[in-house]
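Summary of the model geometry
The residues making up each chain are set out below.
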Amino acid sequence: MSSDTAETASDEPKAVEEIYYRKGDIDFCFLLNRRHHNLRVFDYRVGNYQQKRDFFDRIARSEGLRKVFTVVEKQDSKSWRSVGFSREGAIPGYFRTADAYVMSRVYTDDGEPIQGGAPKLNAPSVSSREQNKSKPRGVNPEMVTDPARLEAMAVEFGEECLYAPFRRGMFFPDVAFFARQGKRTYWVGAETDSSFGHAKVDMMTPPQDDKDMVALEHLLQALLEELAKRETASVFSLVAADWTMSASMYSSLGFKVTARLTDHITRDDDFVGAQLWHRRLAAVPTPRLSSILG
């Protein structure tokens, strides 16, 4: 991309890069995630869908991407679908008063778009576990909001937890809870959006055993209570489809799967699907899942 059409913060390749593109009546921003080989699009103007799609196809080939995706309102999702994007689910209440639909385009190893749309993701079923009501011994949650400390946390644990920033501007959570139990360190964080009243939640240290699950559930509950104080209406989390322990914890806390995302993240050298777990913190009715995932 030439310098007169794109603006970047640095010429050095980064794991995640925010890029603006303006040309004629096309105006959008995207997050190029080289770690997970995907592109997250923020589109500011309706129209020109085929031109935009061709542009993203070129980036996918040049950068070796597996996926391009965007999050749009329902009426815009039909236009993206008409140019080869697939609806992989929704984030209820993402725009506060409107749901967001995840529209994706998946590519082969050769950089060609998969014909027929994104393959359906099959994920193992998960059973809810009994929620732990008591405070686990030795786990004392500490809220962290210092940007330098949060960025360092994301750098240290980001690869292990398959962390993928979802918003613009800051590629790490802006609020987190931290605790130690013996030699084990636990972190959970959230990327918040006060304009739309939602937050993306991440377990920055995924559970490895039942002891971890008890401690992390306690931290997650503390984080959800803090987000509720900030008038956050809904929260969601992206979880690798085969991480059943993490999924079981979200299920026990009242989260539901509202999107299934094919080849959404990268673990080692493999592309991995992810499930989007969603929960409302405010008392607003959730749309029927059949209408979202159908």
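What follows is about the packing of helix α4 (residues 210-229) against helix α5 (residues 244-252). The contact between α4 and α5 brings their axes to 11 Å, and the two run at 40°. Between α4 and α5, the interaxial angle falls into the category oblique. The two elements α4 and α5 cross, and the hand of that crossing is right-handed. Of the residues in α5, those touching α4 at Asp210, Met213, Leu216, Glu217 and Leu220 are Met245, Ser248, Met249, Tyr250 and Ser252.

Another point: the side chain of Ser104. Tracing the backbone shows Ser104 in strand β7 (residues 100-106). At a separation of 2.7 Å, a polar atom in the side chain of Ser104 contacts the side chain of Glu88. Those residues in contact with Ser104 that sit more than four places away from it in its chain are Lys67, Val68, Phe69, Gly84, Phe85, Ser86 and Glu88.

On to the confidence of the model for the chain, then. Averaged over the chain, the pLDDT score is 89; the fraction of residues at 70 or greater is 90%. Between the elements of the chain, mean pLDDT differs from a low of 42, seen in strand β1 (residues 6-8), to a high of 98, seen in strand β11 (residues 198-203).

Moving on to unusual backbone geometry. Note on backbone geometry: most residues besides glycine have negative phi, and most peptide bonds are trans. Phi angles above zero are rare outside glycine, and Leu162 is one such case at about 60°. As for its position among the elements, Leu162 is in the loop between α3 (147-157) and β9 (175-181). According to the relative accessible area criterion, Leu162 is buried, its value standing at 9%.

It is worth spelling out the packing of helix α1 (residues 49-63) against helix α2 (residues 74-82) at this point. As a packed pair, α1 and α2 sit with axes 9 Å apart at the nearest point and diverge in direction by 65°. Both α1 and α2 take part in a crossing whose hand is right-handed. Seen from α1, the contacting residues are Tyr49, Lys52 and Phe56; seen from α2, they are Asp76, Ser79 and Trp80. For the contact of α1 with α2, the residue count by class is 3 nonpolar, 1 polar and 2 charged.

Right, let's get into α5. Counting buried positions along α5 gives 7 out of 9 residues, so the element sits mostly inside the fold. Taken residue by residue, α5 has Ser246, Ala247, Ser248, Met249, Tyr250, Ser251 and Ser252 as its buried positions. Tucked into the core, α5 has its buried residues touching β11, α4, β12 (234-240) and β14 (270-280). Two residues or fewer past α5, Gly254 is found with a positive phi of approximately 90°.

A few words on the pairing of strand β2 (residues 16-23). Of all 8 residues in β2, 6 are buried; the element is thus mostly enclosed. As defined by bridge partners, β2 adjoins strand β3 (residues 26-33) across 8 bridges and the pair is classed as antiparallel. Bridge pairing links Arg22 to Asp27 in β3. Counting the residues in the hairpin turn of β2 and β3 gives 2 residues, including Gly24, whose phi is positive at 60°.

What follows concerns the packing of aromatic side chains. Inspection of the entire model under this criterion finds 19 aromatic pairs. Seen from their ring centres, Tyr21 and Phe28 are 5.4 Å apart, and the 20° between their planes marks the pair as stacked. Under the relative-accessibility criterion, Phe28 is labelled buried at 1%. A centroid spacing of 5.4 Å and a plane angle of 80° characterise the contact between Phe95 and Phe196, whose relative ring orientation is edge-to-face. Linking Phe95 in the loop between β6 (86-91) and β7 with Phe196 in the loop between β10 (184-193) and β11, this pair joins segments that are 101 residues apart in sequence. Phe95 gets classed as buried once you look at its relative accessible area, which sits at 17%.

Cut-offs applied
Residues numbered from 1 in each chain as written. Predicted model: local features only at pLDDT ≥ 70, side-chain atom pairs only at ≥ 80, totals over all residues. Heavy atoms only, no water. Axes fitted to C-alpha atoms, helices over the stretch in contact; angles between N-to-C directions. Helix = DSSP H or I, 4+ residues; strand = E, 2+ residues; numbered from the N terminus. Parallel < 35°, antiparallel > 145°, perpendicular 65-115°, else oblique. Left-handed = near helix turned anticlockwise from the far one by under 90°. Contact = heavy atoms within 4.5 Å. Polar contact = N/O pair within 3.5 Å; in protein donor to acceptor, adjacent residues only side chain to side chain. pLDDT = per-residue confidence, 0-100. Buried < 20%, exposed > 50% of the residue type's maximum accessible area, 1.4 Å probe, protein only. Nonpolar A, V, L, I, M, F, W, Y, C, P; charged D, E, K, R; others polar. Pairing = 2+ DSSP bridges. Phe/Tyr/Trp six-rings, centres within 6.5 Å; stacked < 30°, edge-to-face > 60°.

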